[in-house]
Amino acid sequence: MESREKIRKEVLDVNDYNRPYECEKCGGLMIFKGCGEYECENCRNKDYDDYGKARNYIEKNPGATSADITINTGVSQKAIRQMLKESRLEVAQDSKVLMRCEMCGADIRTGVLCSNCEVAYHRKLEDKQRAAHKMTGYGAEKGVEQKGEKRFQR
């Protein structure tokens, strides 16, 4: 199982946050229940992926730092940073340490862009989509003269 997970991470660059696939007690299949929680289909044993462990710890210890979470749950700092960037976790309201917007450098609590840059980014994408869908190449351009002759001859 470990080699399959290693290959998946290398080839697909998929981060599954140490998802439990097999039950540690009976070897049964672990079924996703939500919020990082998994349950064995045979013995109903519960287990958590890294997100579930971090989330449960934060719920019990509001304002916990990433170092606290790492020490008490075993979730890596890298995984915590990735969850913050994916907006799965959020920096505490009263925290002195914040993340930076990747476009303008403004302080943010979650994600990779501040709200202003996110709006600008999405507007830019929408404009590109509109430009790509304009009707071109159907004789609408001025100066195109076709006399009805064959364009290809043998």
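Just above, that's the structure.
Quick caveat: nothing in here was measured; it's all calculated off a predicted structure.

### Some words on the packing of helix α2 (residues 50-60) against helix α3 (residues 66-73)
Step number 1: Axis separation between α2 and α3 bottoms out at 10 Å; the angle between their running directions is 115 degrees. It follows from the interaxial angle that α2 and α3 lie roughly perpendicular. As for how α2 packs across α3, the hand of that crossing is right-handed. Facing α2, whose interface residues are Lys53, Ala54, Tyr57 and Ile58, α3 presents Asp68, Ile69, Asn72 and Thr73.

### A look at the sheet that holds strand β2 (residues 37-40)
Step number 1: Strand order in the open sheet formed by three strands is β1-β2-β3, and the pairing between neighbours is antiparallel. At either end of the open sheet lies a strand with only one pairing partner, and these are β1 (30-34) and β3 (46-48). Direction aside, the axes of adjacent strands within the sheet are offset by 35 degrees on average.
Step number 2: As defined by bridge partners, β2 adjoins β3 across three bridges and the pair is classed as antiparallel. Counted as the bridge partner of Glu39 is Lys46 from β3.

### Regarding the pattern of salt bridges
Step number 1: Overall, the coordinates contain eight salt bridges when judged by the stated rule.
Step number 2: For Arg55, the salt bridge identified is with Glu59, shortest N-O distance 3.0 Å. Taken together, the residues Arg55 and Glu59, both in helix α2 and four residues apart, mark about one turn of the helix.

### Brief notes about the nonpolar core
Step number 1: Ile80, Met83, Leu84, Leu89 and Cys101 are the most contacted members of the largest nonpolar core, which has 18 residues in total.
Step number 2: Secondary-structure elements contributing two or more residues to this core are α2 and α4 (77-85).
Step number 3: Per element, the largest residue contribution to this core is four residues, and it comes from α4.
Step number 4: If we ignore the near neighbours within four places in the chain, the residues touching Leu89 are Tyr51, Ala54, Ile58, Ile80, Met83, Leu84 and Thr110.

### Topic: the side chain of Asn45
Step number 1: Along the chain, the position of Asn45 falls in the loop between β2 and β3.
Step number 2: Assessed through its relative accessible area of 17%, Asn45 is described here as buried.
Step number 3: What Asn45 contacts, discounting residues up to four positions off in sequence, is Cys23, Lys25, Met30, Tyr38, Glu39 and Cys40.

### A word on unusual backbone geometry
Glycine aside, the phi torsion of most residues is negative, and most peptide linkages are trans.
Step number 1: Non-glycine residue Cys35 carries a positive phi angle of around 55 degrees.
Step number 2: Of note in the backbone geometry, Arg44 takes a positive phi value of approximately 65 degrees without being a glycine.
Step number 3: For Arg44, the location among the structural elements is in the loop between β2 and β3.

What counts, and where the lines are drawn
- Residues numbered from 1 in each chain as written.
- Predicted model: local features only at pLDDT ≥ 70, side-chain atom pairs only at ≥ 80, totals over all residues.
- Heavy atoms only, no water.
- Axes fitted to C-alpha atoms, helices over the stretch in contact; angles between N-to-C directions.
- Helix = DSSP H or I, 4+ residues; strand = E, 2+ residues; numbered from the N terminus.
- Parallel < 35°, antiparallel > 145°, perpendicular 65-115°, else oblique.
- Left-handed = near helix turned anticlockwise from the far one by under 90°.
- Contact = heavy atoms within 4.5 Å.
- Pairing = 2+ DSSP bridges.
- Salt bridge = Lys/Arg side-chain N within 4 Å of Asp/Glu carboxyl O.
- Core = buried A, V, L, I, M, F, W, Y, C linked by side-chain atoms within 4.5 Å.
- Buried < 20%, exposed > 50% of the residue type's maximum accessible area, 1.4 Å probe, protein only.

Worth remembering: the numbers are spatial, not functional.
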